[in-house]
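# Geometric and topological summary
Here is what each chain is made of, one letter per residue.
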Amino acid sequence: MSAATPPAQSPTERRVSARVGSISESATLAVDAKAKALKAAGRPVIGFGAGEPDFPTPDYIVDAAAEACRDTRNHRYTPAGGLPELKTAIAEKTLRDSGYEIDPAQVLVTNGGKQAIYESFAAVLDPGDEVIVPAPYWTTYPESIRLAGGVPVPVVADETTNYLVSIEQLEAARTERTKMVVFVSPSNPTGAVYPHAQVEAVGKWAVEHGLWVMTDEIYEHLVYGDASFTSLPAVVPELRDKCVVVNGVAKTYAMTGWRVGWIIGPKDVVKAATNLQSHATSNVSNVSQVAAAAAVSGSLDAVAEMRTAFDRRRRTIVRMLNEIEGVVCPEPEGAFYAYPSVKGLLGKEIRGRRPATSVELAELILEEAEVAVVPGEAFGTPGYLRLSYALGDEDLAEGVSRMQKLLGEARD
Ligand SMILES: Cc1ncc(COP(=O)(O)O)c(C=O)c1O
């Protein structure tokens, strides 16, 4: 019986619907909650779980929001699809940052990137449509696809290719039921960034087979070293009619709590998604939308500062993780995550226990070293851990030192 098959009960006996009951808890939020609970209980836990910058939102954005609170226009409902001035600002920002020219009517402002992802799949998929999802994947994609009736089809890439999937792998996963492919660069959880030529190749392959693409660009400004961000619809214009871009202010402007994201897509899809949102949540908080408009219209100086700090932490964490025997951590080129393989540690004895899976290893690390990390199971690839390096330099060094000490005790 598949997870979506309703149990043999009458409708009145069934308490939670099969559709929603089959969704699992967000593993990343669960780890974060457990770490915070331990911390609240007085334990010196260091958390590498959270996917959010540790910086405050820049002042110019907060000031715009404070002013917006006093404007009575913002005390009322506004258009469900977003404030017109924010849609225009998003169109201008997209041209500035991606070289992709769009009409504001192609924008839907959502309650964070998460709602944008959910609504993108809901607007495009019919029951049974397959969606190719490169793995390791961000934990929300498969659940949103399933909620929309779609079938996620993971395509796994490992550390030997820096977590980049090839066209051959994508092609091997394609069937007559394939409707869409998910493309995320820079990636959560791996930090992988696809080179320009590979982005173009993925787009051309999608066009050749008439596939839709949902591309998540939320980490566009967090790339390091020689890596650069490439927007798929900008480099493959033939794809635009079947391309849905997801983006938001959370990561670039340290605005995770403000809840503003958006969809850019063909007008019919954006209209359908707007209709859906008009019944689900209506407009995103006006104050947050005004803040987001200030953010995307302002300079990129604040993100440049954050990027410098993240880059420094990135180098430290990768070096320190690779010093642990049994850990292999490719250098992430974007976002703020390291995704080491810990396969070399599984089955070894550590403090009287033998963790057989990365879930068990993450539990051991939390209990023995008081360090919170997310196991690879959450991202469709057991045998790995995700560590967010969006935390202070001292905490970061202390946390990985504790892991070094604990994992250095591993014996056959
Ligand atoms: C790849 C990716 N997309 C989208 C989001 C959603 O961000 P938000 O809903 O906070 O805007 C996240 C958050 O962790 C993410 O990592």
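Provided above is the structure to which this section pertains.
Residues numbered from 1 in each chain as written. Predicted model: local features only at pLDDT ≥ 70, side-chain atom pairs only at ≥ 80, totals over all residues. Heavy atoms only, no water.

Let us look at the sheet that holds strand E5 (residues 178–184). The strand order E2-E8-E7-E6-E5-E3-E4 describes an open sheet built from seven strands, whose pairing is mixed. Every other strand in the sheet has two partners, leaving strand E2 (107–110) and strand E4 (151–156) as the edge strands with one partner each. The mean angle between the axes of side-by-side strands here comes to 20°, regardless of whether they run parallel or antiparallel. Bridge analysis of E2 against strand E8 (residues 261–264) gives four bridges, and the strand direction is antiparallel. Bridged to Val-109 within E8 is Trp-262. Helix H6 (residues 140–147) rests against strand E3 (130–135), E4, E5 and strand E6 (212–216) of the sheet, and its axis sits at about 155° to E4. (Pairing = 2+ DSSP bridges. Helix = DSSP H or I, 4+ residues; strand = E, 2+ residues; numbered from the N terminus. Axes fitted to C-alpha atoms, helices over the stretch in contact; angles between N-to-C directions. Contact = heavy atoms within 4.5 Å.)

Tallying each qualifying case throughout the model produces eleven aromatic pairs. A centroid spacing of 5.5 Å and a plane angle of 75° characterise the contact between Tyr-163 and Tyr-339, whose relative ring orientation is edge-to-face. Of this pair, Tyr-163 sits in the loop between E4 and helix H7 (167–173) while Tyr-339 is found in the loop between strand E9 (337–338) and helix H13 (358–369), placing the two residues 176 residues apart along the sequence. (Phe/Tyr/Trp six-rings, centres within 6.5 Å; stacked < 30°, edge-to-face > 60°.)

Attention now moves to the packing of helix H5 (residues 112–124) against H6. One can describe the packing of H5 onto H6 by two numbers: an axis separation of 8 Å at closest approach and a directional angle of 40°. The angle between H5 and H6 falls in the class oblique. Here H5 and H6 pass one another in a crossing that is right-handed. Across the interface between the two elements, Lys-114, Ile-117, Tyr-118 and Phe-121 from H5 touch Thr-140, Tyr-141, Ser-144, Ile-145 and Leu-147 from H6. (Parallel < 35°, antiparallel > 145°, perpendicular 65-115°, else oblique. Left-handed = near helix turned anticlockwise from the far one by under 90°.)

Let us look at the sheet that holds E9. Read from one edge of the open sheet, three strands run E9-E12-E11, paired in antiparallel fashion. Strands at the two margins of the open sheet, each flanked by one partner only, are E9 and strand E11 (374–375). Examined bridge by bridge, E9 and strand E12 (residues 385–388) share two bridges and lie antiparallel to one another. Bridge pairing links Ala-338 to Leu-387 in E12. In this fold H13 packs onto E11 and E12, with an angle of close to 45° to the strand it touches most, E12.

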